[in-house]
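# Survey of secondary and tertiary structure
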Amino acid sequence: MQISKAARRYATALLQLAIERDEVQVILNDVQFIRNTLQDSRDLTLFLRSPIINRDDKHAVLEKLFREEVQELTYLFLKLMARKDRENLLEQIVEAFVDKYNEYAGIIKIDAYVAQDLSDDQATELKNALEKETQKKVDLKIKKDTSLKGGLAVRIKDTVIDGTVKHKINQLESLFSESTV
Amino acid sequence: MSQVRPDEVSAILRKQLSGFDNEADVYDVGTVLEVGDGIARVYGLSKVQAGELVELPDSLDDAGEPVRGMVLNLEEDNVGIVLFGSDSAVEEGHTVKRTKEIASLEVGDGVLGRVVDPLGRSIDGKGPVSGETITMPLERKAPGVIYREPVSQPLQTGIKAIDTLIPIGRGQRELIIGDRQTGKTSIAIDTIINQKQTQKSDKPVYCIYVAVGQKGSTIAQVRKALEENGALEYTTIVAAPASASAPMRFIAPFAGAAIGEYFRDTGRDALVIYDDLSKQAVAYREVSLLLKRPPGREAYPGDVFYLHSRLLERAAKIIDSDNVAQQMNNVPESLKPRLKGGGSLTALPVIETQAGDVSAYIPTNVISITDGQIFLDVDLFNSGVRPAIDVGTSVSRVGGSAQVKSMKKLAGTMKLDLAQYRELEAFAKFGSDLDPTTQRQLKRGERTVELLKQDIYSPLPVEQQIALLHANNEGLLDRLSVDEISDFEKNYLETVSVKFEDEMEEVGKTGRLGDDLAEKFTEVAKTTIDQILASESEEA
């Protein structure tokens, strides 16, 4: 998802305040709770995004949904967003917050693509290897894609380390096409 | 249809399989956010360089090849790339892969005689460019001051009006400017054809013709004209026709310059023709506006001057010293062992004006960058003066020092004749009421203008031009009527070429016309004129 500048600024502000108040973990829980709610309910996401719906209605819905569930700081934050008419950014703000938190806590998100499911041992081994390589805590997501045919690819930020059979075959193909007459 | 060479298959397979399982490939990727109008915005690619080539392995064009693009904009949270192929194959979410190479093309002696696109891929159906090639970057900094030399050797165009009055030297940048249909391309083609005679010498001039935004049929015509005149074998055509995408049209002149630099930096002479830069500027404007760069005058982006100045600055005469030339700046690694001094790259950019308006943005820019201009005039063209060169407004700022000795001397007299003629031209209608001096000047001027007319695809070698100029300067042609000049030219040149074959060759080589030979030329001219006058009275 592309995260707008405004969303990033709101997220930074929330994180800094949470660090100041020493409430990072609880706020993170709140944010993840909101994130999960948004992910589970497409209706809510669309409702917040819609420019037609009155902002008082959006405010009321957010209040009902989260008033009882979240900390004081998170609630105040939601109220501020409502006052600034930024409910449509909520989805991006929670994403940005998680990114910022990961950066703060030295966690790195890594996607691994495999052709066959890894055993638990293999997964831990991969995770340990990646943590050693990146010197950070790794939040590993393993995705299965049978079209890879075999091997493993790892994506760390924008860099892909590709050892899949599919990639090898593609390389071979381009080698052949280069030597055509 | 292309085929895999069977003998290579097993070699490649063996090589690949032997190192199959132990190495993983590392590359950087991004994701397409939005695409449209040949532009894609990409998220990710955080380490990408400006000007780098990228590949979209998920987006396959009609030929099944992955679409390629070039990074032009690096922004805070996204990267703007221009796509070289069709954007219809590209979808949101497609992967974009770095290639880690700046946009470049493969150049070698094999490109001569070929038609290639701005990325160096052949498009003439003769397969890939053969022979050893070197990767030349499209964008390269021009050689620094210490690697350059003033222009000193002539580049003969074979066009009388240009070689005498607006001479071009090797390493010069001379603009060809004029309205549509005034013969701009013809001058360029004639110049290429005339380089045929240099091919046998020790300093051949290789030619590159860059067609930007032209009709496919026009490019085919140019190719045919070159082929029929035996000029294709030392010429490369870089084609970005009107159907090519805007980025292709915008990089085409840079591709031409890169090919030219290959010859220039290996100590050879090259001539590159950018036909035309107004269309390139339009393509660049299109790309810039789509990338949301702010528009300036005539909606061109602010750096359109730099676009042309950095391109034309790459035309240069390299210092004739291998030691100094080998230190040259921004040379691709693979070219370094072959670096040689004494090469040159001459550029003939073409600009098309609208209704003779040379004060528009692009024309003034390019006029100020180049070392002179050849101005072509519609009225002259329509009144039958072809090539329609307006000798009054055309100049060559540095070419004079490259002109051969005798030519320089003869051209001086001729310039004077023409200037006086232009001053008096308005009085021509008073005819016999004028004093004899004025009448004589008018007569001389008319004949000189007539003498400078020339058919297309018939360039004249320098020695023949010298012979003609000599006859005119002696005032011998005044006896003939204006419409007899072309007959005289034909007969006279035929006679001197046959009679003084060796001497003519010598004149062509040294550029000096001795007094003895000059007298002999005068004799021949007189006889030829007598013959023409005699046959005329016979007919009467």
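Small disclaimer: the values here were computed from a predicted structure and weren't measured. (Residues numbered from 1 in each chain as written. Chains lettered and ligands numbered in written order. Predicted model: local features only at pLDDT ≥ 70, side-chain atom pairs only at ≥ 80, totals over all residues.)

### Details of the overall build of chain B
Along chain B, the regular secondary structure elements total 16 helices and 16 strands. Taken against the 2.2 N^0.38 rule, which gives 24 Å for 540 residues, the C-alpha radius of gyration of chain B at 27 Å falls within 12% of a compact globule. Viewed in the frame of its principal axes, chain B has a C-alpha envelope of about 90 × 50 × 45 Å. For chain B, long-range pairs separated by at least 24 residues make up 74% of all intrachain contacts whose partners lie at least 6 apart in sequence. (Helix = DSSP H or I, 4+ residues; strand = E, 2+ residues; numbered from the N terminus. Rg over C-alpha atoms; globule rule 2.2 N^0.38 Å. Contact = placed C-beta atoms within 7 Å.)

### A look at the overall build of chain A
Within chain A, the regular secondary structure consists of eight helices and four strands. Listing the helices and strands of chain A from first to last along the sequence gives α-α-α-α-α-α-β-α-β-β-β-α. The globule rule puts the C-alpha radius of gyration for 181 residues at 16 Å, and the 21 Å found for chain A is more than 25% above it. Going through the 181 residues of chain A one by one, you find that 22% of them count as buried. Excluding contacts between residues fewer than 6 apart, the proportion of contacts in chain A whose partners are at least 24 apart in sequence is 68%. (Buried ≥ 20, exposed ≤ 12 C-beta atoms within 10 Å, placed from the backbone.)

### Quick notes on the domain arrangement of chain A
The assigned domain composition of chain A is domain 1 (5–103) and domain 2 (107–179). For domain 1 of chain A versus domain 2 of chain A, the distance between C-alpha centres works out to 33 Å. (Domains from an automatic or database assignment.)

### Regarding the environment of S321(B)
Residue placement: S321(B) occurs in the loop between α7 (304–312) and α8 (322–325). Separated by 22 residues in the primary sequence, S321(B) and G343(B) have C-alpha atoms spaced 10.0 Å apart.

### Structural notes on the pairing of strand β10 (residues 175–178) of chain B
Residues and elements named next belong to chain B. Judged by which residues are buried, β10 turns out to be covered on both faces: L175 and I177 on one side and I176 and G178 on the other are all buried. In this structure, β10 lies alongside strand β15 (residues 372–376), joined through four bridges in parallel fashion. Note that in β15 the partner of L175 across the bridge is Q373. Of the pairings in the sheet, the one linking β10 to strand β14 (residues 344–352) comprises three bridges and is parallel in character. (Pairing = 2+ DSSP bridges.)

### A word on the sheet that holds β14(B)
By way of backbone hydrogen bonds, the strands of a sheet pair with one another, either parallel or antiparallel. All names here are of chain B. Strand order in the open sheet made by the eight strands is β8-β12-β11-β13-β14-β10-β15-β16, with mixed pairing throughout. Only two strands of the sheet have a single neighbouring strand rather than two, namely β8 (115–116) and β16 (395–396). On the sheet, helix α6 (residues 277–290) packs against β11 (205–212), β13 (269–275) and β14 and is oriented at approximately 75° with respect to β14. (Axes fitted to C-alpha atoms, helices over the stretch in contact; angles between N-to-C directions.)

### Re helix α9 (residues 361–369) of chain B
Residues and elements named next belong to chain B. Those residues of α9 that fall on the buried side of the exposure criterion are I362, P363, N365 and V366. Across the axial projection of α9, the buried residues extend over an arc of 160°, all falling on one side. On its buried face, α9 is in contact with β10, α6, α7 and β14. (Arc of directions from axis to C-beta.)

### Considerations on helix α16 (residues 515–539) of chain B
All names here are of chain B. For α16, with 25 residues, the first-to-last C-alpha span of 36 Å sits near the 36 Å given by 1.5 Å per residue. Among the residues of α16, L517, F521, A525, T528 and I529 are the ones counted as buried. Lining the buried residues of α16 we find α13 (462–473), α14 (485–499) and α15 (501–510). (Expected span 1.5 Å × (residues − 1).)

### Side note on the nonpolar core
Counting 140 residues, the largest nonpolar core has I81(B), V210(B) and V272(B) as its most contacted members. For this core, the leading source of residues is helix α5 (residues 246–265) of chain B, giving twelve residues. Setting aside chain neighbours within four positions, we find I81(B) in contact with A40(B), V42(B), V54(B), G69(B), M70(B), V71(B) and L72(B). Counting residues in each nonpolar core, the second largest holds 20 residues, with A11(A), L62(A), M81(A) and L89(A) among its members. (Core = buried A, V, L, I, M, F, W, Y, C linked by C-beta atoms within 7 Å.)

### Comments concerning the confidence of the model for chain B
Averaged over every residue, the pLDDT of chain B is 92; residues scoring 70 or more account for 98%. Model confidence for the complex: the whole-complex pTM is 0.88, and ipTM, which rates the interface, is 0.79. (pLDDT = per-residue confidence, 0-100.)

### Section: the packing of helix α4 (residues 55–66) of chain A against helix α5 (residues 72–83) of chain A
Residue and element names in this part refer to chain A. Between α4 and α5, whose axes approach to 10 Å, the crossing angle comes to 170°. Looking at the two axes, α4 sits roughly antiparallel to α5. Seen from α4, the contacting residues are R55, K58, H59, L62 and F66; seen from α5, they are Y75, L78 and A82. Grouping the amino acids of the contact of α4 with α5 by side-chain chemistry returns five nonpolar, one polar and two charged. (Parallel < 35°, antiparallel > 145°, perpendicular 65-115°, else oblique. Nonpolar A, V, L, I, M, F, W, Y, C, P; charged D, E, K, R; others polar.)

### Some thoughts on unusual backbone geometry
Trans is the prevailing form of peptide bonds, just as negative phi is the prevailing case for residues other than glycine. Residue D275(B) is joined to D276(B) through a cis peptide bond whose omega torsion reads -5°. With respect to the helices, strands and loops of the structure, D276(B) is situated in the loop between β13 and α6. Omega for the peptide link from R386(B) to P387(B) comes to -5°, which places this bond in the cis form. As for its placement among the helices and strands, P387(B) is situated in the loop between α10 (378–382) and β16. One non-glycine residue, K157(A), adopts positive backbone phi at about 50°. Mapped onto the secondary structure, K157(A) falls in the loop between β3 (152–156) and β4 (159–162). Of the residues examined, K157(A) has 14 C-beta atoms within 10 Å and is grouped as partly exposed. Its identity as a non-glycine residue notwithstanding, L45(B) has a phi of 50°, on the positive side. In this fold, L45(B) is placed in the loop between β2 (39–44) and β3 (52–60). Residue L45(B) is classed as buried on the basis of its 22 C-beta neighbours within 10 Å.

### Structural notes on the pairing of β3(B)
Residues and elements named next belong to chain B. Judged from the three bridges that link them, β3 and strand β6 (residues 95–102) form a sheet pairing that is antiparallel. From the neighbouring strand, E52 faces β6, where its bridge partner is I102. Hairpin connection, β3 to strand β4 (residues 66–74): the antiparallel pair is bridged by five residues, and G64 has positive phi, about 80°.

### Focus on the packing of helix α2 (residues 24–40) of chain A against helix α6 (residues 90–105) of chain A
Residue and element names in this part refer to chain A. Viewed as axis vectors pointing N to C, α2 and α6 meet at an angle of 140°, and their least axial separation amounts to 10 Å. The orientation of α2 relative to α6 falls into the category oblique. Of the two possible hands of crossing, α2 and α6 adopt the one that is left-handed. Within the contact between the two elements, α2 uses L28, V31, I34, R35 and L38 and α6 uses L90, E91, V94, F97, V98 and Y101. (Left-handed = near helix turned anticlockwise from the far one by under 90°.)

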